[in-house]
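Chain by chain, the residues run as shown.
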Amino acid sequence: MNQFWFTGGQVDWLALKKYTRRRTAVLLLILGVICTEPCSAQIGQTGLSFLKIGVGPRAAGMGNAATAVVDDASALFWNPARIIASKGMDATFIHTQWLQDISHEFIGVTASNGVSAVGLGFTIMSIDGLERRTNIPTHQPLASFNAYDVVLSGTYARKIKEHISVGITLKGLSEKILFDSASGFAVDLGFAYKRVENGLFLGGTIRNIGPKMSFIREQFDLPREVRIGAGYTPDIDGLGKRLLISADLSKYKAEPLRLYIGSEFTYQKRFALMAGYQTRQDNTGFTTGFRAQFRQYRIDYAFVPFSTALGNTHRFAVGLRW
């Protein structure tokens, strides 16, 4: 059973103390980023930190340098303007297994005709078997309960010039822990530039724009992020070979600037190997992954190690394009 209290990847002892005085539950795990974001960030400045968790093994394998180059339904998370890149219908099902039996699931579906596109996304991060206890220590818990965070999103994108597209995502947010819950909404804005002739990709987003939310009478800001990215595909001699190099700069509210670097080597449009690096990460650095694609089906995997003794995470995805 789990007996820890986390907020955004760090232990919030002050919040824990306040909560135990109001409730009989003493040791709760608040769903968030389990040290995949810097654990040195100041506590309490933003909430719903699980919104920072990147979606998709391909992006994770490239060090989360995906803003300008993502080209499947995971663009619903990274850059709403990029859902135009997945022409036709595209669906992705993503599973991530975190520490302490926390699971993170994402389902996304997009439809694009190359000029405009729409998409729907669903994210849930959950944990089972949390123990409820009183202020007096006991050998057995009073009961066990679950906790979860949910995002339901709708996205629209449109090409405004030959090489430029823009997009917008509206997200409904919900969090529930034991008897208490919080709900709200947020908006993501994005743009993308792609020029096949010179192999250049550019993109940018402003994510999690929205009003403050409240949880147990405590108000908090959403983790608003400004992110820009670039990608480049140099010419490579040889049949069916493609090299992609990408980089992102990200700035979350009240947190330092971060750099993400990634690369992907594709052979015969069937197999791809990814590698990446994330700076200013207390517990992650190098990442890697691969993709296997057969006709309209694809399978993705990424390995994201931790530099501490917390363990490693594995991300899996199954995709379909038709």
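Bear in mind the structure is a predicted one, so any value in this text is a computation, not a measurement.

To continue, consider the nonpolar core. Across soluble globular proteins, you tend to see nonpolar side chains buried next to one another. Counting residues in hydrophobic clusters, the biggest one holds 18 residues, and the most contacted among them are Leu48, Phe50, Leu51, Leu173, Met213, Phe215 and Leu222. Put simply, the parts of the chain that give this core at least two residues each are strand E3 (116-132), strand E4 (143-159), strand E5 (164-177), strand E6 (180-195) and strand E8 (213-215). Leaving out residues up to four positions away in the same chain, phenylalanine 215 has contacts with Glu175, Ile177, Asp180, Ser181, Ala182 and Phe220. Ala59, Ala66, Ala75 and Ala157 belong to the second largest nonpolar core, which has 15 residues in total.

Time to look at the environment of leucine 320. Relative to the elements of secondary structure, leucine 320 occurs in strand E16 (residues 313-321). A sequence separation of 227 residues divides leucine 320 from phenylalanine 93, and the C-alpha atoms of the two residues are 9.1 Å apart. Setting aside its immediate chain neighbours within four residues, leucine 320 contacts Met89, Asp90, Ala91, Gln296, Tyr297 and Arg298.

Turning to the packing of aromatic side chains, a few remarks are in order. The final tally for this structure, using the stated rule, is five aromatic pairs. Here phenylalanine 290 and tyrosine 301 contribute two aromatic rings whose centre-to-centre distance is 5.9 Å and whose plane-to-plane angle is 45 degrees, an arrangement assigned as tilted. Taken together, the residues phenylalanine 290 in strand E14 (residues 286-294) and tyrosine 301 in strand E15 (residues 297-304) connect sequence positions 11 residues apart. Consider the rings of tyrosine 301 and phenylalanine 316, whose centres lie 5.2 Å apart with planes at 45 degrees: the pair is tilted. Here tyrosine 301, found in strand E15, pairs with phenylalanine 316, found in strand E16; they are 15 residues apart in sequence, far enough to count as distant. These aromatic residues form a ring-pair network of at least three members: Phe290, Tyr301 and Phe316. Over the face of the ring belonging to phenylalanine 77 we find arginine 207, whose NZ or CZ atom lies 4.1 Å from the ring centre. Here the basic side chain of arginine 227 rests over the ring of tyrosine 260, its NZ or CZ set 4.4 Å away from the ring centre.

Here we come to the confidence of the model for the protein. Of all residues in the protein, 75% have pLDDT values of 70 or greater, and the mean over the chain is 80. Taken together, the stretch residues 1-44 has pLDDT below 50 and engages in 118 contacts with residues farther than four places along the chain or on a different chain.

All right, on to the pattern of salt bridges then. Considering all chains together, one arrives at 15 salt bridges under this definition. The residue glutamate 255 makes a salt bridge to lysine 52 at a minimum N-O spacing of 2.5 Å. Separated by 203 residues along the polypeptide, glutamate 255 in the loop between strand E11 (241-252) and strand E12 (258-267) and lysine 52 in the loop between helix H1 (13-22) and helix H2 (57-61) bring together distant segments of the chain. In this structure, glutamate 255 and lysine 52 share a single accessibility class: buried. Ionic contacts of the salt-bridge type, sharing partners, join the residues Asp72, Asp90, Arg291, Arg298, Asp300 and Arg321 into one network.

It is worth spelling out the pairing of E5 at this point. Residues Ser165, Gly167, Thr169, Lys171, Leu173, Glu175 and Ile177 line the buried face of E5, whereas the alternating positions Ile164, Val166, Ile168, Leu170, Gly172, Ser174 and Lys176 sit on a face that is not buried. Examined bridge by bridge, E5 and E6 share 14 bridges and lie antiparallel to one another. Across the sheet, residue isoleucine 177 finds its bridge partner in E6, namely aspartate 180. If you look at the hairpin formed by E5 and E6, you'll find two residues sitting between the two strands, and leucine 178 has a positive phi there, around 55 degrees.

Cut-offs and rules
Residues numbered from 1 in each chain as written. Predicted model: local features only at pLDDT ≥ 70, side-chain atom pairs only at ≥ 80, totals over all residues. Heavy atoms only, no water. Core = buried A, V, L, I, M, F, W, Y, C linked by side-chain atoms within 4.5 Å. Buried < 20%, exposed > 50% of the residue type's maximum accessible area, 1.4 Å probe, protein only. Helix = DSSP H or I, 4+ residues; strand = E, 2+ residues; numbered from the N terminus. Contact = heavy atoms within 4.5 Å. Phe/Tyr/Trp six-rings, centres within 6.5 Å; stacked < 30°, edge-to-face > 60°. Lys NZ or Arg CZ within 6 Å of the ring centre and 35° of its normal. pLDDT = per-residue confidence, 0-100. Salt bridge = Lys/Arg side-chain N within 4 Å of Asp/Glu carboxyl O. Pairing = 2+ DSSP bridges.

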